[in-house]
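Below are the chains, spelled out letter by letter.
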Amino acid sequence: MTPSLAIARRLLALCALPLLAQAAPVPESTLQQARQLRDQALVDDTAYALLRDLTTQIGPRLAGTEAEARARQWSVRALQQLGFDRDQIRIERFELDGWVRGEEWARVTAPYPQPLVVTALGDSGATGPIPVEAEVVLFESIEDVEALTEGALTGKIAYVSHAMGKTQDGSSYAYFGKTRFDGPGIAASKGAQAILIRSVGTQSHRMAHTGSTKWPEGQTPIPALALSQPDADQLERMAADGETIQVAIKATPRFVGKTRSANLIVDLPGSDRGEEIIITGGHLDSWDLGTGAVDDGAGIAITTAAVDLIRRSGLQPRRTIRLVHWGAEEVGLLGAKAYAEAHADELDQHQLGSESDFGAGRVYNIGADLPAAADPVVDAMLRLLAPLGVGQTARDYTGSSGPDLSPLNDLGLPSFRLLQDGTDYFDLHHTPDDTFDKIDPEALRQNVAAYAVFLWIAANTDVNFRAQDPTD
């Protein structure tokens, strides 16, 4: 071999070294550590214990109330008992317009007098001390109400039905949720005295589903109540018989002025890439009917247990892992919006995240909208998650990283989600039946294992998740 050829080959070998390093975006040591975290999570009941205590010691946690404030105090105590330093825990407060539930009932007064099971929607208007009684006009969809002329419902009570069905990914909620989100404001704009909606849910038990609604600017809120599914069926049977239906309603919720909520934040500091953030968490508030076990006590417990598992391992992530217990999610993502505003100067440092806010069903898939350079990282996650029953990634995913991360997604955070089986989620969602006894400990452990794998791998790769593909 000539000297010049030997030198050339040596130079080629040296040039190839960086390429060889880049060929493994997830080091074998990281994979082995993630595997160990996964396996430890499958025999660990930290999440179950946290969820038991939150739902038992605090119970319902309506945004902006004293109960939500007690829940934050519980979070601080729970994190300290796990071993987090109190000085690492930050509370970032913000204001909101408070609303609380009052007396609520409804009954058919004609043609067949009988009680109805109802609950007021969040931010519902009130009847005042005297019930409202009027003829009910039935509609199959909120679009039918929207098509009416102004004043068409003056002196009437609107009733809106729909046919929400079960889906594994909860995709039906976005469409049928419009009845609750926008329906009351639309009915009010047509002159309705009040509105009843078929509960946005998928079970046939005689309990109603609450949830927030919104009012157009300048619109005076009217009483807005959800009916249980059997009671909605009852009204529709009466109408099918050609009867004119009269209903009396009393609802006395009230707006209580400015109150406060907060986000609670704790970090596992990173090492050489510590300025970059992998974010996770759940929302601490809940509606006031159940004890918020699946929505979203489970998310708080799952993500807290996963972060604590990493902390207890003694391993230090390269990127900072940030855990957030968001406040006031149920009433308009207020904690999420406050976080995005408060951390505007570091938004570019948020590399990736996934919130747990879809109950406690098993993770069955990954939803990812990431640059092509991240494909090997997602593949590495999937290889470790496959034994947990997590299948192929949804690479055409168009959703968010979770409700409280959606403001960050809008500002450039790549979308990534550990997708949970939500087939039965809307049986419990926003009802009195959202309680701890519905939780499957084994499924909860599977979620913690999945989050531990995701967090550890995402925090220990050099791949820039925010990089744009050359074709973009």
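Residues numbered from 1 in each chain as written. Predicted model: local features only at pLDDT ≥ 70, side-chain atom pairs only at ≥ 80, totals over all residues. Heavy atoms only, no water.

> I would appreciate a short explanation of the overall build of the protein chain in the present structure.
Along its length, the protein chain carries 15 helices and 15 strands. Its C-alpha atoms give the protein chain a radius of gyration of 25 Å, near enough to 23 Å, the size a compact globule of 472 residues would have. Once the C-alpha set of the protein chain is aligned to its principal axes, its extents read approximately 105 × 45 × 40 Å. At a minimum sequence separation of 6, the contacts of the protein chain that also span at least 24 residues come to 83%. Summing over all exposed atoms, the protein chain offers an accessible surface of approximately 19,200 Å²; the carbon and sulfur share of this is 51%. Between the averaged position of the 41 positive side-chain charges in the protein chain and that of its 64 negative side-chain charges there is a distance of 4 Å. (Helix = DSSP H or I, 4+ residues; strand = E, 2+ residues; numbered from the N terminus. Rg over C-alpha atoms; globule rule 2.2 N^0.38 Å. Contact = heavy atoms within 4.5 Å. Areas by Shrake-Rupley, 256 points an atom, 1.4 Å probe, with all protein chains shown as cover. Lys, Arg positive; Asp, Glu negative; His and termini not counted. Charge placed at Lys NZ, Arg CZ, Asp CG, Glu CD.)

> Help me understand the environment of Lys166, please; the structure alone is not making it clear to me.
Relative to the assigned elements, Lys166 resides in the loop between strand E6 (157-160) and helix H6 (172-176). According to the relative accessible area criterion, Lys166 is partly exposed, its value standing at 42%. Distance from Lys166 to Phe426, taken between C-alpha atoms, is 7.7 Å for residues 260 residues apart in sequence. Apart from residues no more than four positions distant in its own chain, Lys166 is found in contact with Thr202, Thr423, Asp424 and Asp427. In terms of polar contacts, Lys166 uses its side chain to reach the side chain of Asp424, at 2.9 Å. (Buried < 20%, exposed > 50% of the residue type's maximum accessible area, 1.4 Å probe, protein only. Polar contact = N/O pair within 3.5 Å; in protein donor to acceptor, adjacent residues only side chain to side chain.)

> Hey, could you run me through the nonpolar core in this one?
The tendency in soluble globular proteins is for nonpolar side chains to be buried as a group. Counting residues in each nonpolar core, the largest one holds 96 residues, and the members touching the most others are Ile366, Met381, Leu385, Phe416, Leu418, Phe454 and Ile457. Apart from residues lying up to four places away in sequence, Ile366 is in contact with Met381, Leu382, Leu385, Val390, Gln392, Thr393, Ala394, Phe416, Arg417, Leu418 and Leu419. In terms of nonpolar packing, the next biggest core, distinct from the first, is built from 20 residues, Val108, Val118, Leu225 and Met238 among them. (Core = buried A, V, L, I, M, F, W, Y, C linked by side-chain atoms within 4.5 Å.)

> Explanation requested: the packing of helix H3 (residues 46-57) against helix H10 (residues 293-313) in the structure shown.
Axes are the key here: two packed helices are described by the angle between their axes and the distance separating the axes. The contact between H3 and H10 brings their axes to 8 Å, and the two run at 140°. Accordingly, the angle class assigned to the pair H3 and H10 is oblique. H3 and H10 meet at a crossing whose hand is right-handed. Contacts between H3 and H10 involve Thr46, Ala47, Leu50, Leu51, Leu54 and Thr55 on the former and, on the latter, Ala293, Gly297, Ala298, Ala301, Ile302, Thr304, Ala305, Asp308 and Arg312. Each residue belonging to the contact of H3 with H10 can be placed in one class, and the counts come to nine nonpolar, four polar and two charged. (Axes fitted to C-alpha atoms, helices over the stretch in contact; angles between N-to-C directions. Parallel < 35°, antiparallel > 145°, perpendicular 65-115°, else oblique. Left-handed = near helix turned anticlockwise from the far one by under 90°. Nonpolar A, V, L, I, M, F, W, Y, C, P; charged D, E, K, R; others polar.)

> Please explain the packing of H3 against helix H4 (residues 66-82) as it appears in this structure.
Look at H3 against H4: their axes get within 11 Å of each other, and the N-to-C directions meet at 150°. In terms of orientation, H3 and H4 fall into the roughly antiparallel class. As H3 packs across H4, the resulting crossing turns out to be right-handed. Contacts between H3 and H4 pair Thr46, Leu50, Asp53, Leu54 and Gln57 from the former with Arg70, Trp74, Arg77, Ala78 and Leu82 from the latter. Here the residues of the contact of H3 with H4 are counted per class, giving five nonpolar, two polar and three charged.

> Would you take a moment to explain the confidence of the model for the protein chain for this structure?
In regions of low pLDDT, the predicted coordinates are not meant to be interpreted in detail. In the predicted model, the protein chain carries a mean pLDDT of 94, and 94% of its residues have values of at least 70. Taken together, the stretch residues 1-23 has pLDDT below 50 and engages in two contacts with residues farther than four places along the chain or on a different chain. (pLDDT = per-residue confidence, 0-100.)

> Help me understand helix H15 (residues 441-459), please; the structure alone is not making it clear to me.
An α-helix turns once every 3.6 residues. As a result, residues three or four positions apart point the same way. The terminal C-alpha atoms of H15 lie 27 Å apart, and with 19 residues this matches the ideal 27 Å at 1.5 Å per residue to within 8%. Of all 19 residues in H15, 17 are buried, a share of seventy percent or more. Between the side-chain oxygen at the start of H15 and the backbone nitrogen of Glu442 there is a gap of 3.0 Å, and the oxygen is on Asp440. (Expected span 1.5 Å × (residues − 1).)

> What should I look at first to understand the pattern of salt bridges in this one?
Where side chains of opposite charge bring their charged atoms close, a pairing between them can arise. Applying the stated criterion across every chain yields a total of 32 salt bridges. Between Arg273 and Glu276 there is a salt bridge, with its nearest N and O atoms 3.1 Å apart. Per residue, the accessibility class of Arg273 equals that of Glu276, and both read buried. Among the charged side chains, a network of salt bridges with common partners joins Asp272, Arg273, Glu276, Arg318, Arg319 and Asp462. (Salt bridge = Lys/Arg side-chain N within 4 Å of Asp/Glu carboxyl O.)

> Sorry if this is basic, but what is going on with H3 here?
The first and last C-alpha atoms of H3 sit 16 Å apart over twelve residues, in line with the 16 Å expected at 1.5 Å per residue. Tucked inside the fold, the buried residues of H3 contact H4, H10 and H15.

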